[in-house]
Amino acid sequence: MPLSKLNTEQFQAATAPFGFNLVIASAGTGKTSTIVGRIAHLLENGLKPEEILLLTFTNKAAIEMKERVSRVISYAKNIEAGTFHSVSYKWLKKLNKNIVLKQPKDLKILFKSIYDKRDFNRILGEEKPYSANYLFDLYSLFINSNEEDFTSWLIKKAPSQEEYALIYEDIFDEYERVKKEHNLVDFNSLLLEMINALNSGIDNPFREILVDEYQDTNPLQNRFIEAVRKDSLFCVGDYDQSIYAFNGADINIISTFDKRYPNAKVYTLKKNYRSYGEILDVANRVIKNNPRIYPKSLEVTRGFSGEYPKLLMYSDTFEEYKDIASRILTSTTNKEDIAILFRNNSSADAIEAMLREKGIECRRKGGVSFFDSREIKVTLDLLTFLVNPKDIMAFIHIFEYAKGIGSAIASEIFEALTILGNGHAIDGFLNPDLSKKVFTKKKTSYQLGLFDDFSVLGSISKFKNLGFEEEFLQNPILKHPKLSIEGAEFLYNFYLLLKKLKRFKNPQSIFNEVINSKVLCHIISSLAYTRSKDKNGKVDEEKFEEAKVKIKNKITILGNLLKNYTDLEKFLNAMVLGASEMSEGRGVNLLTVHASKGLEFKEVYIVDMMEGRFPNIKLSKLAGGIEEERRLFYVAVTRAKDKLYFAFAKRDRIRNQEYEISRFLIEAGYNIN
């Protein structure tokens, strides 16, 4: 049984009475076993699986915990488990909410199309306005902050941007309005929808909510927990591993648990089963310099190896990376059990190059995954638009590849098609209502950066000799004043694809038609063209053909995944919710410290242990200060099971910069004098 394998500390926590329980689970102390034990305890004491909600930070973690309990208690598979977002999405779908979930990077395109309607160049401000990408991220932080007034919040963070506050707020308003019109939700608005539904009194079956990685919750996620909780709350986390302040996580949520909940109990897991004693000694020495919110210290269970973590010193970073690659080449540790951790992504390129030079395979977490590659994203967008013609994001993504059609024009064409199709953009292509007016005069506002482009419409006559069907030539979308010949041809090929697909219902048949269409062939050629250019911008024909083959092979892999589904919409939903957790590759693990959290390796190298690099003083000012940098160091150290190396270089020849040793190594007892 899961409970019989727990130590005394874990057992006490797992069998805690109903109520408000916080488990401080230090690195390597068996938090997963404790959560699994807790679920088993609840089931054995009469709770139905449908009354238990497990919230995790990855769907993979949820699946693993459910599987572990289900091996002993078969009906445990019926508990509700997943990330805040996946649980909310499933719940809202059960409530028959008409929503279309989009990844943040997808909605960034929509946001940019709205941002691009504002002509900041005509507004002479003292400061430059934020870019669309930066403003999008800033808006996400604002939503997660639980603050009510954006302008006040902005002035506190960046007073020099106050002159643009009204324009920014108008962009946000239009962004939210367009999302609502098309039922689009991002991860933030997904939680807000669910919180509103819970607060309105929907049926809530859960009697206990378990929360993993509690130290990483942000105020919005905490509002979700507050909205859903009933009788009992069981949270597991470690304040010493709170490293996501830059992403909105608030360490005060875990640190005030015992003050916010009546009769709260705090349990502490201290026995570390992962690392040798020498490694834990380094972790304890450094982290004790941070305030102790709840008293604890890691205890050794594996004993001592007799080998203290080594400090490797170099004259410059080039020598540092080269030597680490040589050490890994001759290491007897399996390459998949070796990790190189770095505070800044900029370190990774040179390290990867050194490893590749020696023929050492490696993988970088956080690189471009299969689902992030442009060919997969656009293929999924084509399929998405067929399932949901109201999906403005899918449309904008597809038409990024049409020459002369940017996100703003694509957005305007989509809106016109929706009007012509009486709310259905595909009908706007195939059966337009010619009595409807599109591209009408827009509101203008100097103060909000809005200026009218539709005072003079374009002429359809310039497209008459392109061989378009007469039926398509009647479509008013061809009157967009900025539509080029190439853009019109792309629209026509898209029209022909939609016309052909009316005959098909089977997902595999639809997929085959899409991948053989002129639209996707054009997109594949466009991507291959970009990828086959040399340094001088010339296209290498051989590389161009190779690139096309690679792109087509990748799309074929997607087709193989589709074979497991009979419903195209379910396939697309699975791709959106699960894509971010999938990664490829093998060999030595190259990871930022943030990406390494929750993982463990036999042999670990922490590179660039220089003041200014780790800790990163510049980034620390934007997030949780030096205390968060120290927690990052603690996380990095406690990834190591058997061997740990710190690498320090006195100089970076590329940056032409001298460095002092990291304060964290001095705190750990290392001295280079």
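Under an unreviewed UniProt entry, the name given to the protein chain is DNA 3'-5' helicase, and the source organism is Caminibacter mediatlanticus TB-2.

Colleague: Could you give an account of helix H22 (residues 507-515), naming the residues involved and the relevant values?
Modeller: Along H22, the residues classified as buried are Pro507, Ile510, Phe511 and Val514. For H22, the buried positions fall inside an angular range of 100° around the axis, keeping them on one side. The distance from a side-chain oxygen at the start of H22 to the backbone nitrogen of glutamine 508 is 2.9 Å, and the residue carrying that oxygen is asparagine 506.

Colleague: Which residues make up the UniProt feature "binding site: ATP" (unreviewed entry) in the protein chain, and what values do they have?
Modeller: UniProt feature "binding site: ATP" (unreviewed entry): in the numbering of this structure it lies at Ala25, Ser26, Ala27, Gly28, Thr29, Gly30, Lys31 and Thr32. The topology assignment puts serine 26 in the loop between strand E1 (20-25) and helix H2 (31-44). Along the chain, the position of alanine 27 falls in the loop between E1 and H2. Residues contacting alanine 27, with those up to four places away along its chain left out, are Asp238, Gln241, Asn272, Arg274, Leu298, Tyr634, Thr638 and Arg639.

Colleague: Tell me about the nonpolar core, and name the residues and values.
Modeller: Leu110, Tyr214, Phe224, Phe385, Phe399 and Phe429 are the most contacted members of the largest nonpolar core, which totals 130 residues. Beyond its immediate chain neighbours, meaning those up to four positions away, phenylalanine 385 contacts Asp391, Ala394, Phe395, Ile398, Phe414, Ala425, Ile426, Phe494 and Leu498. Membership of the second largest hydrophobic core comes to 58 residues, among which are Phe342, Leu590, Ala649 and Tyr670.

Colleague: Can you explain the sheet that holds strand E15 (residues 601-606)? Please cite residues and give values.
Modeller: Read across the open sheet, the six strands follow the order E11-E16-E15-E12-E14-E13; overall the sheet is parallel. With partners counted over all chains shown, the strands left at the sheet margins are strand E11 (310-314) and strand E13 (362-364), one partner each. In this sheet, neighbouring strand axes are inclined to one another by 20° on average, regardless of whether the strands run parallel or antiparallel. Where strand E12 (residues 338-342) lies against E15, four bridges are found, and the strand directions are parallel.

Conventions adopted
- Residues numbered from 1 in each chain as written.
- Predicted model: local features only at pLDDT ≥ 70, side-chain atom pairs only at ≥ 80, totals over all residues.
- Heavy atoms only, no water.
- Buried < 20%, exposed > 50% of the residue type's maximum accessible area, 1.4 Å probe, protein only.
- Helix = DSSP H or I, 4+ residues; strand = E, 2+ residues; numbered from the N terminus.
- Arc of directions from axis to C-beta.
- Polar contact = N/O pair within 3.5 Å; in protein donor to acceptor, adjacent residues only side chain to side chain.
- UniProt positions renumbered as here; feature names shortened; annotations may be inferred.
- Contact = heavy atoms within 4.5 Å.
- Core = buried A, V, L, I, M, F, W, Y, C linked by side-chain atoms within 4.5 Å.
- Pairing = 2+ DSSP bridges.
- Axes fitted to C-alpha atoms, helices over the stretch in contact; angles between N-to-C directions.

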